[in-house]
Amino acid sequence: MSGAPHEWLRWQPVWDAYFILVGAASLAGVLLTGGADPARQAGGAGLLVVLVAAHLLLGRRLIRSGRGTRRALLYQLGVVLVFAAAVGLAPGSAFMLFALCAPAFMTAGPVAGALVVVTLNLVWLGTTAAAETLPGSGSLLGVAGVTVAALSIVLGVWASQIIRQSTERAVLIQKLEATRTELGRLSYEAGRAAEREQFADAIHDTLAQGLSSTIMLLQATGSALASDTERARRYLELAEATTRDNLADARALITTRPLPEATSASLVDALRREVDRLRDVHGINASLRVDGAPDPADTALNVDLLRLAQEALSNVRKHADARHVEVVLSADADCVRLEVRDDGRGFAADATPPGHGLPLMRRRLRQAGGALQVDSTPGEGTFVRIQVPA
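A brief report on the enclosed structure follows. Small disclaimer: the values here were computed from a predicted structure and weren't measured. (Residues numbered from 1 in each chain as written. Predicted model: local features only at pLDDT ≥ 70, side-chain atom pairs only at ≥ 80, totals over all residues. Heavy atoms only, no water.)

**Brief notes about empty space enclosed by the protein**
In step 1: Within the structure shown, the criterion is met by two cavities of 30 Å³ or more.
In step 2: Together, Phe19, Leu51, His55, Tyr75, Gln76, Val79, Leu100 and Pro103 line the largest cavity.
In step 3: For the lining of the largest cavity, the secondary structure elements donating two or more residues are helix 2 (38–65), helix 3 (70–89) and helix 4 (97–108).
In step 4: The element best represented in the lining of the largest cavity is helix 3, accounting for three residues.
In step 5: Partitioned by chemical class, the residues of the lining of the largest cavity number six nonpolar, two polar and no charged.
In step 6: The space that makes up the second largest cavity amounts to roughly 40 Å³.
In step 7: Lining of the second largest cavity is provided by Trp15, Tyr18, Phe19, His55, Ala99, Pro103 and Met106.
In step 8: The set of elements that each furnish at least two residues to the lining of the second largest cavity consists of helix 1 (12–32) and helix 4.
In step 9: Along the lines of polarity and charge, the residues of the lining of the second largest cavity split into six nonpolar, one polar and no charged. (1 Å grid on protein atoms, 1.4 Å probe; cavity = no way out; pocket = protein on both sides within 12 Å on 5 of 7 lines; lining within 4 Å. Points joined across faces, edges and corners; volume = space filled by probe spheres on them. Helix = DSSP H or I, 4+ residues; strand = E, 2+ residues; numbered from the N terminus. Nonpolar A, V, L, I, M, F, W, Y, C, P; charged D, E, K, R; others polar.)

Rendered as structure tokens:
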């Protein structure tokens, strides 16, 4: 929050102006009242000046930051003593009472403030009665004093309640703002984490897969150069094509355009290219069987299935050491299934190979509302079934 910490303190300049105005009126009343000892008049006027200066220099600071403290109580005790002395010297100083009641509640609180107000009124009543300012009207003076004191207490308690509510509201607002700031920070961090995860998945799906294929093609080229030049040339052509696809993927990621696979060939054609590459480059007897395909217009579903198939085949290439791989794509009215079966080395269910692949596949399927089934036994190959709603 900006400005004053509590809404009610915005009115403090008005209270200060009122205090100064009442003090000036009291001072004028004391100095202009005739028939009094000039020395007592001067003393009373000087004490009124002390009361006004004390409020401006100390009282207003206690109202802002020392309400209800020991210093505030000692300050109000000093106000009572100075006011009593001023009224004792010059009864006209009692007019200052109109300015002293409200700050008593503002600094000392409702209970102590009420005691201060009662004491100030008793000082006025006692001094006035002792000086016989109003001869023969003691009962009237008492009623007036009680009325003024009661009215001051009621108004003071009401003002204290407003101050308390304003303070509580200010604290609540501060907590809400702190909570909002914390929520904003957490939301920002969550957004950054989600964005990093999204880019990591995209890079793994495209650039990392493509670069891995290119490296393997170049390694195969080096092995074939000495014995089979034609085969080495074929590997180089595939490496060039893979690198160009990778470059297109990188440009699409930079400009946030749909990836090339989402806009060019169908899912079946893309899967056939992946199977052919596995067979031609890596010498694995790979086959594709299609028993139904999803709607070509559902670009998001087709891209998800292609990425999942690429990840499954990449795992076969990197870890399975398989001789045969079968990819089956089937679809009906309710769901689309993609199955990848290999005769590789397999793995134990409680010892999933480390890496980014399977966690990424599960995360992608979770977002698509699908399910992943992985069955594998050491030495007996691996079966992966991917199922997503049509």
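So, next bit.
**Re the pairing of strand 2 (residues 324–331)**
In step 1: Strand direction decides the pairing type here: strand 1 (residues 285–290) and strand 2, joined by six bridges, are parallel. Residue pairing in the sheet places Ser287 in a bridge with Glu326 of strand 2.
In step 2: Traced from strand 1 through helix 9 (residues 299–320) to strand 2, the parallel crossover comes out left-handed.
In step 3: Across seven bridges, the pairing between strand 2 and strand 3 (residues 335–342) is antiparallel. Across the sheet, Val325 pairs through a bridge with Asp342, a residue of strand 3.
In step 4: Linking strand 2 to strand 3, which pair antiparallel, is a turn of three residues. (Pairing = 2+ DSSP bridges. Right-handed = clockwise from strand over helix to strand, strands pointing away.)

Everything listed here is a matter of coordinates, which is why it stays silent on function.
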